[in-house]
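Structural features, examined
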Amino acid sequence: MCARGRLAYNGGSENIMTSVQTSSIATPNTCLDEIPKLVQELRASFESGKTRPIEWRRGQLDAMLELVRDRQEDILDALAADVGKPRLEAYGAEVSFMVNDINHAKKHLARWMKAERVPTTLVNQPGKSRVRSEPLGVALIIAPWNYPFQLAMSPLVGALAAGNCAILKPSEVAPATSRLIAELVPQYLDASAVKVVEGGVPETTKLLEQHFDHIFYTGNGQVGRIVMRAAAEHLTPVTLELGGKSPCVVDHTADLDVTARRVVWGKFYNCGQTCVAPDYVLVEASIHDAFVNRVLATIREFWGDDPQKSPDYGRVVNGRHLKRLLGLIEGNTIAAGGVSEEADRYLAPTVLTEVSPDEKVMQEEIFGPILPVLSVPDVDAAIAFINARPKPLALYHFSGDKRLSERVLTRTSSGGACINHCLMHLTVPELPFGGVGESGMGAYHGKGSFDTFSHRKSVLSRPFAMDPPVAYPPYTEFKEKVMKKLL
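Residues numbered from 1 in each chain as written. Predicted model: local features only at pLDDT ≥ 70, side-chain atom pairs only at ≥ 80, totals over all residues. Heavy atoms only, no water.

Quick notes on empty space enclosed by the protein
Evaluation of the coordinates by the stated rule reveals 2 cavities of 30 Å³ or more. Roughly 40 Å³ of internal volume is contained in the largest cavity. Around the largest cavity, the lining residues are Asp-101, His-104, Ala-105, Trp-112, Val-157, Gly-158, Ala-161, Gly-446, Ser-449 and Phe-450. Looking at the lining of the largest cavity, the elements that each hand over two or more residues are helix 4 (87–113), helix 5 (150–161) and helix 14 (447–452). For the lining of the largest cavity, the element with the most residues is helix 4, which contributes 4 residues. Looking at the lining of the largest cavity, its residues break down into 5 nonpolar, 4 polar and 1 charged. Empty space within the second largest cavity amounts to approximately 30 Å³. (1 Å grid on protein atoms, 1.4 Å probe; cavity = no way out; pocket = protein on both sides within 12 Å on 5 of 7 lines; lining within 4 Å. Points joined across faces, edges and corners; volume = space filled by probe spheres on them. Helix = DSSP H or I, 4+ residues; strand = E, 2+ residues; numbered from the N terminus. Nonpolar A, V, L, I, M, F, W, Y, C, P; charged D, E, K, R; others polar.)

What to know about the sheet that holds strand 20 (residues 454–461)
Pairing within the open sheet is antiparallel, and its 3 strands lie in the order 1-2-20. Only two strands of the sheet have a single partner each, and these edge strands are strand 1 (116–118) and strand 20. Each neighbouring strand pair of the sheet contributes to a mean axis angle of 30°, computed without reference to strand direction. Direction of pairing for strand 2 (residues 128–135) relative to strand 20: antiparallel, over a ladder of 8 bridges. Across the sheet, Glu-134 pairs through a bridge with His-455, a residue of strand 20. (Pairing = 2+ DSSP bridges. Axes fitted to C-alpha atoms, helices over the stretch in contact; angles between N-to-C directions.)

Looking at the sheet that holds strand 16 (residues 416–419)
Spatially, 7 strands are ordered 10-13-14-9-8-15-16 in an open sheet, and the strand pairing comes out mixed. Both edges of this open sheet fall to strand 10 (333–336) and strand 16, since each of them pairs with a single strand only. Recorded for the sheet is a direction-independent mean angle of 25° between the axes of neighbouring strands. Of the pairings in the sheet, the one linking strand 8 (residues 247–250) to strand 15 (residues 394–398) comprises 3 bridges and is parallel in character.

As for the layout of surface pockets
In this structure, the second largest pocket spans a volume of roughly 490 Å³. Considering the residues around the second largest pocket, the lining is formed by 24 residues, among which Gly-92, Ala-93, Phe-97, Leu-426 and Thr-427 are closest to the centre. Only helix 4 and helix 5 provide two or more residues apiece to the lining of the second largest pocket. Counted by class, the lining of the second largest pocket contains 15 nonpolar, 8 polar and 1 charged residues.

What to know about unusual backbone geometry
Residue Pro-126 is bonded to the preceding Gln-125 through a cis peptide linkage, with omega at -5°. Counting through the fold element by element, Pro-126 comes out in the loop between strand 1 and strand 2. The omega torsion across Pro-473 and Pro-474 is 0°, close enough to zero to call that bond cis. Along the chain, the position of Pro-474 falls in the loop between strand 20 and helix 15 (477–486). Phi at Asn-270 is positive, roughly 55°, even though this residue is not glycine. Counting through the fold element by element, Asn-270 comes out in the loop between helix 9 (256–268) and strand 9 (280–284). Here the phi dihedral of Cys-271 falls at roughly 60°; this positive angle occurs in a residue that is not glycine. Residue position: Cys-271 is located in the loop between helix 9 and strand 9.

In structure tokens:
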């Protein structure tokens, strides 16, 4: 019989991962007694050296690509069952994203693996200096529920490209996707190098008790602290992809029609359940009413008078989150939306105006289809507002004035930023994606993923020839003069 565990790091299961299910599918739990054995198996596999050759790495990337392409419809079905994703959104954010991510890694893998030559100092001549990227070992990847396929598999691209073994922990809040990942990974990938652990709090707790060479966690800051404390027991490095309240600044030079379309799309994509969604808008007072009117018109244009009937509008992940979101709306001025239906996990695209910074909706990450719009006198006031709060994962500025955008970028700090659009900086592989401060640490995507799961080892090579005695004792006045000129 499998032993059962409990969360050992911070009082209560809600602190690490909710056990509320969003579909009728029950997620099987990996036997707790098996988890240490799985880690040991991966350790033995890594130490055998099988994951280091470029041929193995390319083979795993090819297999991942085959998995995504072969089982595309199954992936889309699982995402619809778990999170109610519109099919095109699921394809773009999870299937197509993965195809591009894998192809990019395949194209550049040989160059990423090549040792980097660096200059060698005079005192070390003749010699050669270079930096080699070597795999870390065995990685743990803990995925969230909002993009449950992509945010499990995309970090795995970096882990395998860098030559590591890995355990995937899909989110039990997305049980259909978790089950599909557990089914497909051993069919397509090297089962001695990649394993899947399913379950909730006990399984995650047991995983965090093991010694890994890297832990990659995507989720909220509260759980991020738990992961980091657990990793500290083994001095394990971590990548924490967290969240926060990503601001959107709209100034008087912006094209309001384009701005409204892009803000509404970015905010309500995946029903607002995106870590880099615009959390709130700071709009200059002179254009506040005009902006709000365009936002409301855009919502009607995208999803009609009744978004609940639109096949292109998503759903809140579960009843608990819906209740939380309704609590954030209470007491605020609703310019549009606010309509909900618990049985359908539906919350209409909601726009709030005249929002006080002290309201609860402005104190925590919304992570749902609610957009507060706040009026500010000017861009400098918006900058001051942002800087008075924790550093966000993303920042958006809509402006026709490049000098104003430069001012915003220079005087604020955020994990990433996008000028005149939302979310799209994540789609550029050459742009490492990650947070700063409370929005996270570390980065990935493209070479950033390869580097995250690699150790950059510095190597100096010297020949036996030319070994002048001037550096060795006994030290003389002459040697001292020579060394002072060289050093």
